[in-house]
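An overview of the molecular structure
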Amino acid sequence: EKIDVTLPGTKISLGAPNILEKVIEELEEIFISLGFDVVEGPEVEKDLYNFEMLNIPKGHPARDDQDSFYIENDEILLRAHTSPVQIHTMLKNKEKNEIRIICPGKAYRRDTDDAQHSHNFTQIEGLLVGKNVSLAHLKSTLDMMTSKLFGSANSRFRPSGYPFTEPSVEYDIECFNCKGKGCNLCKNTGWITVGGAGMVHPNVLKCCGYDTEIWNGFAFGF
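In what follows, the accompanying structure is described. Note that residues are indexed from 1 along each chain, following the sequence as it is written. Note on the predicted model: pLDDT of at least 70 is required for a residue's local features to be given, and 80 or more for side-chain atom pairs to be given and counted; whole-chain, interface and lining totals, by contrast, use all residues. Computation of side-chain values covers all heavy atoms of the structure but excludes hydrogens and water.

Attention now moves to the sheet that holds strand β4 (residues 99-108). Pairs of strands are assigned from DSSP output, requiring at least two bridges between the strands. Numbering goes from the N terminus for both helices and strands, where a helix is a DSSP run of H or I of at least four residues and a strand is a run of E of at least two. With mixed pairing, seven strands are arranged side by side in an open sheet as β1-β4-β5-β9-β8-β7-β6. Strands at the two margins of the open sheet, each flanked by one partner only, are β1 (37-38) and β6 (155-162). In this structure, strand β7 (residues 165-174) lies alongside strand β8 (residues 191-200), joined through eight bridges in antiparallel fashion. The partner of Glu174 across the bridge, within β8, is Trp191.

Below, the structure written as structure tokens:
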């Protein structure tokens with residue numbers, strides 16, 4: 001028996017892309033096709049950008065829902081969401097003109113890890129600032145994302161409440177497992193919540209130098 005040492009080596013598979021990275025790349029492609037830019041920001045943030053400029057001042061009850069990882073003092077923390085990237089982008093926009101961005105990245109909260117929660121999770125937020133923007137524009141944008149990512153699916157808005165959007169909504173899609181009939185996956189509701197959204201609160205726009213008599217917008221987070 002002989003071995004031909006001139007034969008090419010066997011290719012060894014080195015694994016596959018992480019599922020989170022694959023979903024992020026798919027969403028980036030979808031929103032780029034809709035005219036959005038992809039923007040990133042620091043994971044260590046100032047309280048000013050993580051909370052205060054998002055209409056969540058010190059002592060606001062919403063901070064209790066986002067128990068955060070502070071570093072050294074109460075002014076520096078690991079970001080609790082990717083929303084600070086929106087603030088940085090609006091502040092850097094000296095011309096105060098239209099903005100269309102998504103912000104993928106990691107976020108950190110003091111949460112008990114289980115099947116549905118983690119102290120470190122991936123989030124993608126979106127922001128559109130323009131003129132005469134409405135909830136209809138928000139709904140059509142999210143429906144376009146849903147159809148490209150999940151295929152055809154019914155969707156709905158439910159009233160909700162966030163300090164940085166007014167009005168605020170939850171965005172649900174029909175359960176792909178039971179087709180709206182109700183099952184264990186959707187907790188027998190027939191719907192799965194994809195994320196939160198709403199019209200950007202005027203206080204947030206004013207903090208970033210926008211004239212709210214001219215400009216408004218929407219934001220969403222998955």
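Having seen it, we continue.
Aromatic ring pairs are described here by two measures, namely the spacing of the ring centres and the angle between the planes. Stacked, edge-to-face and tilted are the three classes for Phe, Tyr and Trp ring pairs, Trp counted by its six-membered ring, which pair at centre distances within 6.5 Å; planes under 30 degrees apart are stacked, over 60 edge-to-face, the rest tilted. Using the criterion set out here, one finds seven aromatic pairs in the structure. When the ring of Tyr162 is compared with that of Phe164, the centres are 6.0 Å apart and the planes differ by 10°; the resulting orientation is stacked. Burial status follows relative accessibility: with a 1.4 Å probe on protein chains alone, a residue under 20% of its type maximum counts as buried, one over 50% as exposed, and anything between as partly exposed. Taking the relative accessible area as the measure of exposure, Phe164 reaches 18% and is therefore buried. Between Tyr210 and Trp215, the aromatic rings sit 5.9 Å apart at their centres with planes inclined by 80°, giving edge-to-face as the arrangement. The exposure classification of Tyr210 matches that of Trp215, with both residues buried. Our definition puts a charge over a ring when NZ of Lys or CZ of Arg is within 6 Å of the ring centre and also within 35 degrees of the ring normal. One cation-aromatic arrangement involves Lys131 over Trp215; the distance from NZ or CZ to the ring centre is 5.1 Å. The aromatic ring of Phe157 is capped on one face by Lys139, whose charged end is 5.9 Å from the ring centroid.

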